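What the coordinates show
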Amino acid sequence: MLGESHHGDDPESVNMTVPVVEDWLSGTSSPPYRFFTHLAVALSGQEPWQLDRKAVFEPIAFYNYVKKVMPRARVSPEKVDFEESEGAFREIVEQLKPTHIAVCGNRLWVNLPAFDSPDTNGASAVLGDKEFEIGRYRTASAAPLAMCIRHPQSGFNGRDWHPRIQAFLAID
């Protein structure tokens, strides 16, 4: 799962996503981080009260693309923030070797680098009930397929996204 950025009070705490995810996984987070609950419902197809958070998130990695901490919610990274984050993104893809990347939100999607050859223009795929653009990012030993999902905060319904994500994950 690829998020856009983290937001908080301390602009120097670029690693604050790790304890946030750990708190959510343990069920001790305050606030409850609806973002991760929505993702878990979309991944598992279960209702929030049925979730085994650790089981749902164990096979996935979560990474924020922009390394700069935004001062608060709804503050967008600048174009230069996205551009400066490409190298770290490619390093983490090479390190983790994911097979698929679900990109959280259209703003992040349109600010990602172009897909790598031969998929530079991407392709269309029907996933569940909708058509999506998909493409690959290639490193020396990884070539994950990427797609954009609606940002899991406002207007996101994990039950609607579950079959789409499952169809995406079924593509080699």
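Notes on the structure follow. Residue numbers run consecutively from 1 along every chain, following the written order of its sequence. In keeping with the model being predicted, local features are shown solely for residues with a pLDDT of at least 70 and side-chain atom pairs are shown and tallied solely at 80 or more, while totals for entire chains, interfaces and linings include all residues. Heavy atoms throughout the structure, all of them, feed into the side-chain values; hydrogens and water do not.

1. Some points on the packing of helix H2 (residues 34-44) against helix H7 (residues 158-169)
- The axes used here are C-alpha line fits, helices contributing only the stretch in contact, and every angle between their N-to-C directions lies in the interval 0 to 180 degrees. Per the convention used, a helix needs a DSSP run of H or I reaching at least four residues, while a strand needs a run of E reaching at least two, with both numbered from the N terminus. Interhelical geometry of H2 versus H7 gives an angle of 50 degrees and a closest axis separation of 6 Å. The angle between H2 and H7 falls in the class oblique. Crossing of H2 against H7: the hand is right-handed. Contacts from His38, Val41, Ala42, Leu43 and Ser44 of H2 reach H7 at Gly158, Arg159, Trp161, His162, Ile165 and Gln166. For classification purposes, an angle smaller than 35 degrees is called roughly parallel, one larger than 145 roughly antiparallel, one from 65 to 115 roughly perpendicular, and anything else oblique. By convention the crossing between two helices is left-handed if the near helix lies anticlockwise of the far one by an angle smaller than a right angle, and right-handed if it lies clockwise. In this analysis, two residues are considered to be in contact whenever any of their non-hydrogen atoms come within 4.5 Å of each other.

2. Observations concerning unusual backbone geometry
- Here the residue pair Ser117 and Pro118 is connected by a cis peptide bond, since its omega of 5 degrees sits within 30 degrees of zero.
- Summarising the element assignment, Pro118 is placed in the loop between helix H6 (106-111) and strand E4 (123-127).
- Even without being glycine, Tyr33 reaches a positive phi, approximately 55 degrees.
- For Tyr33, the position within the fold is in the loop between helix H1 (17-26) and H2.
- Partly exposed describes any residue whose relative accessible area lies between the buried limit of under 20% and the exposed limit of over 50%, with all areas from a 1.4 Å probe on protein chains only and scaled to the type maximum. Using a relative accessible area of 26% as the deciding quantity, one classes Tyr33 as partly exposed.
- The phi dihedral of Lys97 is positive, around 55 degrees, even though this residue is not glycine.
- Owing to a relative accessible area of 41%, Lys97 belongs among the partly exposed residues under this scheme.

3. With respect to the nonpolar core
- The biggest cluster of nonpolar side chains holds 28 residues, and the ones touching the most others in it are Phe36, Leu39, Met147, Ile149 and Trp161.
- At the level of elements, H1, H2, helix H3 (53-57), strand E3 (100-104), E4, strand E5 (130-136), strand E6 (145-149) and H7 are the ones that each hand at least two residues to this core.
- Beyond its immediate stretch of four places on either side in the chain, Leu39 contacts Met1, Phe57, Phe62, Cys104, Ile149 and Pro152.
- Counting residues in each nonpolar core, the second largest holds 19 residues, with Tyr63, Phe82, Val103 and Trp109 among its members. The term nonpolar core refers to a set of buried residues drawn from Ala, Val, Leu, Ile, Met, Phe, Trp, Tyr and Cys, joined through side-chain atoms within 4.5 Å.

4. Some points on the packing of H1 against H2
- In contact at an axis separation of 10 Å, H1 and H2 are set at 60 degrees when each is read in the N-to-C sense. With respect to H2, the axis of H1 lies oblique. By crossing handedness, the relation of H1 to H2 is classed as right-handed. Where H1 abuts H2, its residues Val20, Val21 and Trp24 lie against Phe36, Thr37 and Ala40.
- Each residue is assigned to one class: nonpolar for Ala, Val, Leu, Ile, Met, Phe, Trp, Tyr, Cys and Pro, charged for Asp, Glu, Lys and Arg, and polar for all the others, Gly among them. Class assignment for the residues of the contact of H1 with H2 results in five nonpolar, one polar and no charged.

5. Re the pairing of E3
- By the criterion of burial, E3 is predominantly enclosed, with five of the five residues buried.
- Neither face of E3 is exposed, since His100, Ala102 and Cys104 on one face and Ile101 and Val103 on the opposite face are all buried.
- Bridge count between E3 and E6: five bridges; the pairing is parallel. The partner of His100 across the bridge, within E6, is Leu145. Only when DSSP finds a minimum of two bridges between them are two strands counted as paired.

Function cannot be read off these values alone, since they describe shape.
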